[in-house]
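Chain residues, written in single-letter form:
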Amino acid sequence: NELIHPPDLSAWAAVLAEAPNSTRAVPKVATCEPVFNPYPMFQVHYEDARTGSAEHSPLVWPRGFPLENIRDCSAMLPLPVTPLGAARAVPAHRVGIIQSLADHDPDVDAIYRLSGHLPLSFARTRRGGDTAALRALPEGTMAPVNAQATLWSRPALWGLLLPVSVHGRVSDIWRGYLVQRLLWAAGLHLAISEPFVRQVRNPHSYLADFQSEGP
């Protein structure tokens, strides 16, 4: 992965180090779904090879997202209003993990690579450290978390351990789902950010990746 703008990294790290009395907050995704696909929300698009124009690509999902939900609109688009009784934001010091999206060759699964458009890009409207570029997931909602472009706060460092009893293609995904459940118990949240990395992927066999990503 290549940092798009290196100074952004220290700015995001500062968000994770906010003091409990800080007034900074991260907007929260308005959803009641158990799983959420953040890619469409961040305006993912690809370049049309024939026209050179940027085309919106709504059907894109991260590696580890349940395949039975990839066409479920409620699992990829926030509700028009915040669910009754839910706060609209998460205090910045309650963010345990920042998961960055990745431009060019994002972390999609082998099925998408075999059937979808690449390269991809996401909208990037804010500079690093601006919490308006983040979206926190509410308690009860999970999203895939990888080991490629994440920042972890000190209270969440215990979650960095990766399982060794499953294939490396999925070890970070299983870790991410387990850790998110424990984050809720610790009063912490996962937040998704606009991309601060550009991924240039080494050559892979997509079919071998597909076999490795199976249950």
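The text that follows walks through the structure, step by step, so that each part is easy to find. (Residues numbered from 1 in each chain as written. Predicted model: local features only at pLDDT ≥ 70, side-chain atom pairs only at ≥ 80, totals over all residues. Heavy atoms only, no water.)

Observations concerning empty space enclosed by the protein
To keep it simple, the criterion reads: A cavity here means a set of 1 Å grid points, computed over protein atoms only, where a 1.4 Å probe fits but cannot escape. A pocket is an open set with protein on both sides within 12 Å along at least 5 of 7 lines, and lining residues have an atom within 4 Å of a point. Grid points are joined across faces, edges and corners, and a volume is the space filled by probe spheres set on the points. The helix and strand labels rest on DSSP assignments: H or I over at least four residues marks a helix, E over at least two residues marks a strand, and numbering proceeds from the N terminus. Note that Gly is not counted as nonpolar here; it falls among the polar residues with everything else outside the nonpolar set of Ala, Val, Leu, Ile, Met, Phe, Trp, Tyr, Cys and Pro and the charged set of Asp, Glu, Lys and Arg.
In this structure the tally under the stated criterion is 2 cavities of 30 Å³ or more. Size it by volume and the largest cavity reaches roughly 150 Å³. Lining the largest cavity are 19 residues, with Tyr-39, Gln-99, Ser-100, Asp-107 and Asn-146 positioned closest to its centre. Counting residues per element, the ones that place at least two in the lining of the largest cavity are β6 (95–104) and β10 (189–199). Looking at the lining of the largest cavity, the element that brings in the most residues is β6, giving 4 residues. Among the residues making up the lining of the largest cavity, the classes are represented as 11 nonpolar, 6 polar and 2 charged. Taken together, Asp-8, Trp-12, Arg-124, Arg-126, Arg-127, Gly-128, Ala-133, Glu-194, Pro-195 and Phe-196 make up the full set of residues lining the second largest cavity. Put simply, the parts of the chain that give the lining of the second largest cavity at least two residues each are α1 (7–16) and β10. Tallying contributions element by element places β10 first for the lining of the second largest cavity, with 3 residues.

Some points on the packing of aromatic side chains
For the record, the criterion: Centres within 6.5 Å make a pair out of two Phe, Tyr or Trp rings, where for Trp the six-membered ring is used; the pair is then stacked when the planes are under 30 degrees apart, edge-to-face when over 60, and tilted otherwise. Remark: exposure states derive from per-residue accessible area (1.4 Å probe, protein chains only) relative to the maximum for the residue type, with buried under 20%, exposed over 50%, and partly exposed in between.
Taken as a whole, this structure holds 2 aromatic pairs when the rule is applied. Pairing Tyr-39 with Phe-122 gives two aromatic rings, centres 5.2 Å apart and planes at 70 degrees, and the pair type is edge-to-face. One end of the pair, Tyr-39, is in the loop between β2 (25–27) and β3 (45–47); the other, Phe-122, is in the loop between β7 (120–121) and β8 (134–136), and 83 residues separate them in sequence. As far as the burial class goes, Tyr-39 and Phe-122 line up, both buried. Between the aromatic rings of Trp-61 and Tyr-112, the centroid separation amounts to 5.4 Å while the plane-to-plane angle is 85 degrees, which identifies the pairing as edge-to-face. Separated by 51 residues along the polypeptide, Trp-61 in the loop between β4 (54–56) and β5 (89–91) and Tyr-112 in helix α2 (residues 110–115) bring together distant segments of the chain. The exposure classification of Trp-61 matches that of Tyr-112, with both residues buried.

Re the environment of Asp-103
To be explicit about the condition: Contact definition: two residues touch when any of their heavy atoms are within 4.5 Å.
Here Asp-103 shows up in strand β6. For Asp-103, a relative accessible area of 13% puts it in the buried group. Along the primary structure Asp-103 and Arg-63 are separated by 40 residues, whereas in three dimensions their C-alpha atoms are 15 Å apart. Ignoring any residue separated from it by four or fewer positions in sequence, one finds Asp-103 in contact with Ile-4, Leu-120, Ser-121, Phe-122, Pro-195, Val-197, Arg-198 and Gln-199.

What to know about the nonpolar core
We apply this condition: Working definition of a nonpolar core: buried Ala, Val, Leu, Ile, Met, Phe, Trp, Tyr and Cys residues. They are joined through side-chain atoms within 4.5 Å.
In this structure, Val-60 and Leu-190 are the most contacted members of the largest nonpolar core, which totals 29 residues. Contributing elements (two or more residues each) for this core: β6, α3 (168–185) and β10. Not counting chain neighbours up to four residues away, the residues in contact with Leu-190 comprise Ile-97, Gln-99, Arg-135, Ala-136, Leu-137, Ala-143, Val-145, Gln-180 and Leu-183. Leu-16, Val-95, Ile-98 and Leu-151 belong to the second-largest nonpolar core, a separate cluster that totals 17 residues.

Looking at α3
Owing to its 3.6 residues per turn, the α-helix aligns residues three or four sequence positions apart on the same side. This is how the line gets drawn: Working rule for helices: expected span equals 1.5 Å times residues minus one.
Across its 18 residues, α3 extends 27 Å between first and last C-alpha, which sits within 8% of the 26 Å expected from 1.5 Å per residue. Residues Arg-169, Val-170, Ser-171, Asp-172, Ile-173, Arg-175, Gly-176, Tyr-177, Val-179, Gln-180, Leu-183 and Trp-184 constitute the buried set of α3. Residues of α3 that are buried in the fold lie against β6, β9 (150–152), β10 and α4 (206–213). Of the residues flanking the end of α3, it is Gly-187, one or two places downstream, whose phi is positive at about 75 degrees.

Examining a nonpolar patch on the surface
Rule in force here: Within the patch definition used here, like charges are joined within 9 Å and nonpolar side chains (Val, Leu, Ile, Met, Phe, Trp, Tyr) within 5 Å, considering only residues with over 30% relative accessible area and no salt bridge. Calculation of accessible area relied on Shrake-Rupley with a 1.4 Å probe; when residues are assessed, cover is drawn exclusively from the protein chains displayed. Any Lys or Arg side-chain nitrogen located within 4 Å of an Asp or Glu carboxyl oxygen qualifies as a salt bridge.
Together, Leu-67, Ile-111, Leu-114, Leu-207 and Phe-210 make up a nonpolar patch on the protein surface, roughly 440 Å² of accessible area in all. Contributing elements (two or more residues each) for the nonpolar patch: α2 and α4. Mapped onto the fold, Leu-207 is located in helix α4. Residue classification places Leu-207 among the exposed residues on the basis of a relative accessible area of 55%.

Scope: geometric values only; no functional claims are made or implied.
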